[in-house]
Amino acid sequence: MGYAGLSEIDMERGQAEMRFWVGCGVERRSHAIEWSAAIVDFALTGLNLNRIYALQLRRHPLAARVLAAVGMQREGLVLKRIYKGGPFEDVVCWAISKN
């Protein structure tokens, strides 16, 4: 079905990367929003981090909807950032902070 979680947790700098993966379907996308919102809340309040960021593959616009739905803002585009066995892929950077 999918997952959501934190990686690259840096307590000294007060930030972490949020990652999620969801299979196809609107129902599963709504689960992704619920999971991601819970992860963001836990990271900002439970772990007292200042900033959570996420990298969205440019070719996955539905992921952008999930990130926007949990309050993240688009920060910019990084060209050829990720390699997944094919051509290098562009990613869109998203983030949310306490303030």
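These numbers were taken from a predicted model, which means no experiment stands behind them.

Q: Kindly report on the overall build of the protein chain, identifying the contributing residues and their values.
A: For the protein chain, the count of helices and strands is two helices and five strands. Counting helices and strands in the order they occur from the N terminus, the protein chain gives β-β-α-β-α-β-β. Relative to its 99 residues, the protein chain shows a buried fraction of 34%. Look at the contacts in the protein chain between residues 6 or more apart in sequence, and 55% of them connect residues 24 or more apart. Total accessible area computed for the protein chain in this model is approximately 6,300 Å², and 52% of it derives from carbon and sulfur atoms.

The rules behind each value
- Residues numbered from 1 in each chain as written.
- Predicted model: local features only at pLDDT ≥ 70, side-chain atom pairs only at ≥ 80, totals over all residues.
- Heavy atoms only, no water.
- Helix = DSSP H or I, 4+ residues; strand = E, 2+ residues; numbered from the N terminus.
- Buried < 20%, exposed > 50% of the residue type's maximum accessible area, 1.4 Å probe, protein only.
- Contact = heavy atoms within 4.5 Å.
- Areas by Shrake-Rupley, 256 points an atom, 1.4 Å probe, with all protein chains shown as cover.

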